[in-house]
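# Inside the fold
Residues per chain are reported as follows:
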Amino acid sequence: MNKEYSKLWLDYRPLDPRFTGRAAIRCPSRVDRQGAAVKELITALSAMLPAAELTFGADSAALIFECDIGDFLAEEEYMISADERGASVIGGSEKGLLYGVFDYLRMIRAAGSFVKMNKRCAPALPLRMLDHWDNADGTIERGYSGDSFFFENGRLIVDERTEHYARLLASAGINAAAVNNVNVRGDAVRLITEEYYPELAKLSAVFSRWGIALYISVDFSAPISVGGLRTADPLDVNTAYWWQQKARELFSAVPTLGGFLVKADSEGQQGPYAYGRDHADGANMLARAVKPYGGRIIWRAFVYNCAQDWRDERTDRACAGFKTFAPLDGHFDTNVILQVKNGPMDFQVREPVHPLFGEMKHTSVAAEFQLAQEYTGQQLHICCLLPMIRETLFFDTCSQPEHSRVLDRISGAAAVSNTGDSFCWTGSELAGANLYGFGRMCFEPQLTAEDILDEWITLSFGNDEQVRETLLYILLSSHKAYEDYTAPLGMGWLCKPNTHYGPDPLGYEFDRWGTYHRADRDAVGIDRCKTGYTSLYPSPLRELYSDIDTCPDELLLFFCRVPYTHILHSGKTVIQHIYDSHFDGYEQAVEFARLWEELEGRLDRRVYENGRKRLKEQLRSAREWRDIINAFFHRLSGIEDEKGRELY
Ligand code: GCV
């Protein structure tokens, strides 16, 4: 494991180096002076006011920072009132106080001085979680930032880096994290056994100091693989008893544990279907085992048949999650949270919003996003996901007359983490915006992607106006550019199988994963009225998506099968859009590289060189995408580019 790491946005710099007066921190005894909130304030003020005399207490001081806990606030809520002479931060608990302190520090760092402000804030989503796909051997599934900093050769590591990570997450508002892969393999199966308890307890204590609940991904068949039972049938009394004992043991060794994350009946992970049971049977059995300790079960809705026959046009993977879980609405215990991917397939660059968000009316649901850029350029390409995440949160599910946006219907959001042991944590510095921004967006979704990026850029790179403008432009245009040169119009799945990097338009076409575009010489796309998928949405979404005249262009080929000559709302034909978007997307990548070069000397050398190297690869890859996808559709359709460009 690489032990060297950047402090990222928590690198406090002097704010007023000439201030030599006294700065006092005041807090009543109900505030923990050793707690994270007060400690963070001390760390920050010591760096920001390097010449000041920092004291605790009530005696006179030029700057006064008061911390308090107020019963009138909710647990994670806080209030700040501040001016040039200091601030008063009140939290509903130590956790709320911590969020308030971080917010206050963010504001003064962005402003560059002790500003006047008044703010009262509570997080919009109660659960704000990161899912790590780290394996016990130290590798990371779909990891593009080096190796795990949680695991090494089967051991769980808790060190300074872990503590800094927890701080980073807390400062972005994250309050839960699952540290191991949902595909529970190798030594990770035994994470819930005694040999791991001491380290789990240490990790959980560090996390909980920063307001983060530790979750563990568990193997549904653990009663067999760990316990030596003959069955993991959720309705079998021995299975249920085994989990109850396991939970009792685990929670007494790791009292601050949040609960379990479960991938069941999915891509080789065992689940209740093996015993003829449903997913409510499976989830509730675990939920009852952890309930006495306040634990929760995060149960994934990513369930589909991954051994499909490509000749079978009636089975549609997009319908699978809905068909599995919609009939179970209302059957889950209250400490089960159903974690639903943002779209019905699998984190493609563009997918419709999952219909389960509208459908599940009596179940706690969390939206799942993927910050690890599996299908969006693997952190070699710049792809800022914040506009997409926000669009999903604000999507109107039309499932009831009011409060029907995804945001109103979910109790949390989780994201597959994009971190690893690389120096900058996310392989590419710019991918750090996704990590920071995800947390901030779940906390204060009224902030736009631009607002959040603006604050992240200032905290991470300082106040250079050219840096700010350039990074803002690149990041805000990056998702569209990536979509343009890879898979426009909602097509998806044009990538190479397994690695999911680079173009291979037929790579998934004759495979077992249910991932087809069915392009032939005349037409492209899937008619999802025929598969029954559009009917999973309520009116008027159902009608909107069913009709080629009303379906939004960016999702047309997801929902409809159309001839290449079909005219889009943009006025272009489908084939011309495919050609144009690939040329335009590539040109955007060229522009990103050009703009980046102008930042030479304005960014830290390491950051600049890392970005340059990655943009070089982005350009090479974008050109490959452009040429292969255009050649593929040109050869198939026989239609020339109106603009006469070379299509190969
Ligand atoms: C952890 C996709 C990825 C898998 C991942 C899976 C999931 O299929 O390719 O690596 O497995 O999603 O979300 O469970």
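Residues numbered from 1 in each chain as written. Predicted model: local features only at pLDDT ≥ 70, side-chain atom pairs only at ≥ 80, totals over all residues. Heavy atoms only, no water.

## Here we look at the overall build of the protein
Along the backbone of the protein there are 18 helices and 18 strands. In terms of overall dimensions, the protein is globule-like: its C-alpha atoms have a radius of gyration of 25 Å, near the 26 Å expected for 648 residues. C-alpha atoms of the protein, sized along the principal axes, occupy 80 × 65 × 50 Å. Each of the 648 residues in the protein was classed as buried or not, and the buried ones make up 62%. Put simply, of all contacts in the protein between residues at least 6 apart along the chain, 72% involve residues at least 24 apart. On the protein, roughly 24,300 Å² of surface is accessible, and the fraction owed to carbon and sulfur atoms is 49%. Taking the average place of the 70 positive charges on the side chains of the protein and the average place of its 92 negative ones, the gap between the two points comes to 2 Å. (Helix = DSSP H or I, 4+ residues; strand = E, 2+ residues; numbered from the N terminus. Rg over C-alpha atoms; globule rule 2.2 N^0.38 Å. Buried < 20%, exposed > 50% of the residue type's maximum accessible area, 1.4 Å probe, protein only. Contact = heavy atoms within 4.5 Å. Areas by Shrake-Rupley, 256 points an atom, 1.4 Å probe, with all protein chains shown as cover. Lys, Arg positive; Asp, Glu negative; His and termini not counted. Charge placed at Lys NZ, Arg CZ, Asp CG, Glu CD.)

## Thoughts on the environment of Cys319
Looking at the element boundaries, Cys319 is found in helix α8 (residues 317-325). Given the relative accessible area of 2%, Cys319 is considered buried. Note: C-alpha distance between Cys319 and Arg528 (209 residues apart in sequence) is 9.6 Å. When residues no more than four places from it in sequence are discounted, the contact partners of Cys319 are Thr531, Gly532, Tyr533 and Leu536.

## A word on the site of the ligand
Taken together, 14 residues sit near the ligand, with Glu141, Lys263, Arg300, Lys341 and Glu374 positioned nearest. Residue Arg142 places a side-chain N or O atom 3.0 Å away from an oxygen atom belonging to the ligand. Asn183 has a polar side-chain atom sitting 3.1 Å from an oxygen atom of the ligand. For the ligand, whose free accessible area comes to 330 Å², the fraction covered by protein is 96%. (Near = heavy atom within 4 Å. Polar contact = N/O pair within 3.5 Å; in protein donor to acceptor, adjacent residues only side chain to side chain.)

## Focus: the packing of aromatic side chains
Applying the stated criterion across every chain, the model contains 35 aromatic pairs. Aromatic side chains Phe149 and Tyr165 sit 4.8 Å apart centroid to centroid with 65° between the ring planes, which places their arrangement in the edge-to-face category. You can see Phe149 sitting in the loop between β7 (127-131) and β8 (151-152) and its partner Tyr165 sitting in helix α3 (residues 160-172), a full 16 residues away along the chain. Across this residue pair, the class does not change: Phe149 and Tyr165 are buried. Ring centres of Tyr537 and Tyr545 lie 5.2 Å apart, and the angle between their planes is 70°; on these two criteria the pair is classed as edge-to-face. As far as the burial class goes, Tyr537 and Tyr545 line up, both buried. Lying over the aromatic face of Tyr586, Arg626 brings its terminal NZ or CZ to 4.6 Å of the ring centre. (Phe/Tyr/Trp six-rings, centres within 6.5 Å; stacked < 30°, edge-to-face > 60°. Lys NZ or Arg CZ within 6 Å of the ring centre and 35° of its normal.)

## What about the state of the cysteines?
All chains considered together, the criterion is met by 0 disulfides. Cys383 forms no disulfide, and the closest cysteine sulfur to it belongs to Cys384, at a distance of 7.7 Å. Note on Cys495: no disulfide assigned, nearest cysteine sulfur contributed by Cys383 at a separation of 14 Å. (Disulfide = S-S within 2.5 Å.)

## Remarks on the sheet that holds strand β14 (residues 336-341)
Taken in spatial order, the 8 strands of this closed barrel run β7-β10-β11-β12-β13-β14-β15-β16, and their pairing is parallel. With direction set aside, neighbouring strand axes in the sheet form an average angle of 25°. As paired elements, strand β13 (residues 296-300) and β14 share 4 bridges and run parallel to each other. By the bridge assignment, Ile297 is partnered in β14 with Val336. (Pairing = 2+ DSSP bridges. Axes fitted to C-alpha atoms, helices over the stretch in contact; angles between N-to-C directions.)

## With respect to the side chain of Ser6
Turning to its location among the elements, Ser6 is positioned in the segment before β1 (22-26). Here Ser6 falls in the buried class, since its relative accessible area comes to 18%. At 2.9 Å, the side chain of Ser6 and the backbone nitrogen of Leu8 are in polar contact. Once residues within four sequence positions are removed from consideration, Ser6 is found in contact with His164, Phe423, Cys424 and Trp425.

## Some remarks on helix α12 (residues 432-443)
With 12 residues, α12 extends 17 Å from end C-alpha to end C-alpha; this agrees with the ideal 16 Å at 1.5 Å per step. Within α12, 12 of the 12 residues are buried, which leaves it mostly tucked inside the rest of the structure. Within α12 the residues assigned to the buried category are Gly432, Ala433, Asn434, Leu435, Tyr436, Gly437, Phe438, Gly439, Arg440, Met441, Cys442 and Phe443. (Expected span 1.5 Å × (residues − 1).)

## Topic: the sheet that holds strand β5 (residues 86-91)
Here we have 6 strands laid out as an open sheet, ordered β2-β1-β3-β5-β4-β6, and mixed in their pairing. Of all strands in the sheet, those bounded by a partner on one side alone are β2 (53-56) and β6 (117-121). Averaged over all pairs of adjacent strands, the angle between their axes in this sheet comes to 10°, without regard to strand direction. Inspection of the sheet shows β1 paired to β2 by 4 bridges, in the parallel sense. The residue bridging Ala24 from the neighbouring strand is Thr55, located in β2. The strands touched by helix α1 (residues 36-48) within the sheet are β1, β2 and β3 (63-69), with β2 carrying the most contacts at an inclination of about 165°.

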